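Inside the fold
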Amino acid sequence: MSHWDVIVVGSGAGGGTLAHRLAPSGKRILLLERGEYLPREKENWDVKAVQLDGRYAANETWYDRGGAAFKPGIQYAVGGNTKVWGAATLRMRPSDFGDVGHASGISPAWPISYEELEPYYAEAEHLWRVRGERGAEPTEGRASRPYRYPAIRHESRVRELVADFARAGVLASSLPLGLLLDDERRERDACIRCDTCDGFPCLVKGKADAQTICVEPALEFPNVTLLTGARVTRLETDASGRSVRAVRVERGGRIETHSADVVALACGAINSTAVLLRSASERHPDGLANASGLLGRNYMCHQNSAVFALSRRENRSVLQKTFAIFDFYHGAPDAEHPLGLIQPLNRTPALLLQQSPPIAGYTPEHLAIHSFEFWVTTEDLPAPSNRVRLGADGRVVVEYEANNTESHERLLLKTAEVFGATEGPSFDPDRHFHAERMPVRVCSHQCGTARFGDDPRASVLDRNCRVHELDNLYLVDASFFPSASAVNPTLTIIANALRVGDHLRKRLG
């Protein structure tokens, strides 16, 4: 058995950032990644290979609440799901850290405040090379420093749309993005402003992902070791049940055992839960970290819809994902409760439109050059019945029933309304607007299965993301979220990993 100061399981937004934070400490750090390095190849940008054939998708089968099998939308690779993320790096709003009333109930408060996390948000934005514009959006919180880089410019058709929104009384502010793109000197940065960003790996390392930003720099330190193809099967405790003493790893067809003074899980809200449930023992019969009975419960993934809207004018934008609409985040004149966030998606190529045209009566080619795509997000609320569990045979089961759906439907109507205002009377929302709700298999924005808090009876982790009943086990993915807010969770995962990293550096001395 090899012994380390810290073992970090998972190399995505949380695990990669934590390893980067701890690397300069001189402590011996082992980073375990279930996947391999994602290959750099022409297929990275191939629509058929990535989106139709699932070339980089995990070869996994999970099950929904009704027992139906599905292939989850996750990737196992160095860098985790950030290898294919859309790079939207948004802070939660200050109000999200308190109790928030919604049409379907209460979104609960966090044990820490926005102000406590704010310095780490600022550091996360600088580390992950985020481009944005301070003060452009009224709902954003106080920021202790400016963005490191200016916001990415809108392309001409997007700039027209943003101006049209403004004339309709809607503010479309710059979307903070983790892209390595310098609009002033394009030759200086890696991003080439392509149309295969959101949902695709980046062949030229132009996207700020955990491999590029965190893992590779961390590995420059001789005290950091990465093992790939290393699937953690279970954690074992000492005789007292109070400390993790062994990490069991399946690698290359063999079982290895590693130990550490501190173990940090960052496998994603679903897979971290699965590891802990598989670690059940005599001392922890319901799974490790489950003394409260809440492990795996309160799973959240947002109410997300992909919207395809048809414009009368051509849209030949390449990278259109450069703005966000927060006007309805806290409600609307005709909606007292929060609705959520509207932001663009990647363009939809004709090849995909041939497979499943969202709007009838037009050729795929016409749709491809007359569309705007949006990602519409409403907060879902934590519910104990929405949970991740293991079946009798060890299979992963994601039991999820959508809630706060009325607010989401209202936000979709608002999206159609504001887009229609830019199009004029020719726009027919029944014919020119299509919204597709994301099913459970998508697994994007997953969070909440091991909420943190001050009361061990009502939470799995303490405010430093340490498991209440174990003295050396931490979680640094999105498991710790008590609520989901209505923004992409990645920047909050990164900021929290920096915060927990500072706590661990003090603990380790």
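The following refers to the structure shown. Remember, it's a predicted structure, so these values are computed and weren't measured experimentally.

For the rest of this paragraph, the subject is the overall build of the protein chain. When its secondary structure is counted, the protein chain shows 11 helices and 21 strands. Its C-alpha radius of gyration of 22 Å places the protein chain within 12% of the 23 Å reference for a compact globule of 509 residues. Across its three principal directions, the C-alpha atoms of the protein chain cover 70 × 50 × 45 Å. When the 509 residues of the protein chain are sorted by exposure, 61% land in the buried category.

Using the criterion set out here, one finds zero disulfides in the structure. Its sulfur unpaired, C267 is 14 Å from the next cysteine sulfur, which belongs to C465. There is no disulfide at C447, and the cysteine sulfur nearest it, in C301, is 7.9 Å away. According to the relative accessible area criterion, C447 is buried, its value standing at 1%.

What follows covers the packing of aromatic side chains. Summed over all chains, the structure comprises 18 aromatic pairs. Each member of the aromatic cluster is reached from another via a ring pair, and the members are F97, W110, Y114, Y121, F452, F480 and F481. A cation over an aromatic ring shows up here: R28 above the ring of W4, its NZ or CZ 4.3 Å from the ring centre. Sitting over the face of the ring of Y63, R395 holds its NZ or CZ atom 3.7 Å from the ring centroid.

The topology assignment puts S317 in the loop between strand 14 (303-310) and strand 15 (323-324). Polar contacts involving the side chain of S317 include one to the side chain of N315, which spans 2.7 Å. Residues within four places of S317 in sequence aside, it is in contact with E155, R157, V158 and R347.

Within the open sheet, the four strands sit side by side as 16-17-14-20. Their pairing is antiparallel. A strand with exactly one partner marks an edge of an open sheet, and here the two such strands are strand 16 (341-344) and strand 20 (433-437). For this sheet, the mean angle separating the axes of adjacent strands, direction not counted, is 25°. Judged from the five bridges that link them, strand 14 and strand 20 form a sheet pairing that is antiparallel. Within strand 20, the position partnered with A306 by the bridge is E436.

Overall, the coordinates contain 40 salt bridges when judged by the stated rule. Residue E236 pairs with R245 through a salt bridge whose shortest N-O separation is 3.7 Å. E236 sits in the buried class, given a relative accessible area of 17%. With its nearest N and O atoms 3.4 Å apart, the salt bridge here joins R466 to D462. Here the two residues R466 and D462 agree in accessibility, since each one is buried. Through salt bridges that share partners, R157, E160, D164, R167, R312, R313 and E423 make up one connected network.

Judged by nonpolar contacts, the single largest core of 100 residues is most densely connected at L32, W128, L235, L276, L461 and L473. Of all the elements, helix 11 (residues 490-508) adds the most residues to this core, at eight residues. In this structure, L235 is in contact with V244, A246, V247, L265, V275, L276, S279, L288 and L473, ignoring residues within four places of it in sequence. Core analysis: the next-biggest nonpolar cluster, separate from the first, contains 25 residues, I325, F374, L412 and V418 among them.

Along the chain, S279 falls in the loop between helix 6 (269-278) and strand 14. Each C-alpha atom of the pair S279 and H434 lies 44 Å from the other, and the pair is 155 residues apart in sequence. Aside from chain neighbours lying at most four places away, what touches S279 is R234, L235 and L288. A distance of 2.8 Å separates a polar atom in the side chain of S279 from the backbone nitrogen of L235. Reaching out from S279, the side chain makes a polar contact with the backbone oxygen of V275 at a distance of 2.7 Å.

Even without being a glycine, A87 presents a positive backbone phi close to 70°. Mapped onto the fold, A87 is located in the loop between strand 4 (69-70) and strand 5 (100-102). Not every positive phi belongs to a glycine, and A289 is a case in point at roughly 70°. Secondary-structure assignment places A289 in the loop between helix 6 and strand 14. On the basis of relative accessibility, which here comes to 1%, the residue A289 falls in the buried class.

Where burial is concerned, most of helix 5 (residues 210-218) is hidden: seven out of the nine residues are buried. Regarding helix 5, the residues found buried are A210, Q211, T212, I213, C214, V215 and A218. Along its buried surface, helix 5 packs onto helix 1 (13-22), strand 2 (29-32), helix 3 (114-127) and strand 10 (224-227). Measuring from the side-chain oxygen of the N-cap residue of helix 5 to the backbone nitrogen of Q211 gives 3.1 Å; that N-cap residue is D209.

All right, on to the packing of helix 4 (residues 156-167) against helix 9 (residues 405-423) then. Where helix 4 contacts helix 9, the two axes come as close as 9 Å, and the packing angle between them is 105°. When the interaxial angle is binned, helix 4 and helix 9 end up roughly perpendicular. Facing helix 4, whose interface residues are R157, L161, D164 and F165, helix 9 presents V418, F419, T422 and E423. Of the residues belonging to the contact of helix 4 with helix 9, the class tally is four nonpolar, one polar and three charged.

Conventions used here
- Residues numbered from 1 in each chain as written.
- Predicted model: local features only at pLDDT ≥ 70, side-chain atom pairs only at ≥ 80, totals over all residues.
- Heavy atoms only, no water.
- Helix = DSSP H or I, 4+ residues; strand = E, 2+ residues; numbered from the N terminus.
- Rg over C-alpha atoms; globule rule 2.2 N^0.38 Å.
- Buried < 20%, exposed > 50% of the residue type's maximum accessible area, 1.4 Å probe, protein only.
- Disulfide = S-S within 2.5 Å.
- Phe/Tyr/Trp six-rings, centres within 6.5 Å; stacked < 30°, edge-to-face > 60°.
- Lys NZ or Arg CZ within 6 Å of the ring centre and 35° of its normal.
- Polar contact = N/O pair within 3.5 Å; in protein donor to acceptor, adjacent residues only side chain to side chain.
- Contact = heavy atoms within 4.5 Å.
- Pairing = 2+ DSSP bridges.
- Axes fitted to C-alpha atoms, helices over the stretch in contact; angles between N-to-C directions.
- Salt bridge = Lys/Arg side-chain N within 4 Å of Asp/Glu carboxyl O.
- Core = buried A, V, L, I, M, F, W, Y, C linked by side-chain atoms within 4.5 Å.
- Parallel < 35°, antiparallel > 145°, perpendicular 65-115°, else oblique.
- Nonpolar A, V, L, I, M, F, W, Y, C, P; charged D, E, K, R; others polar.

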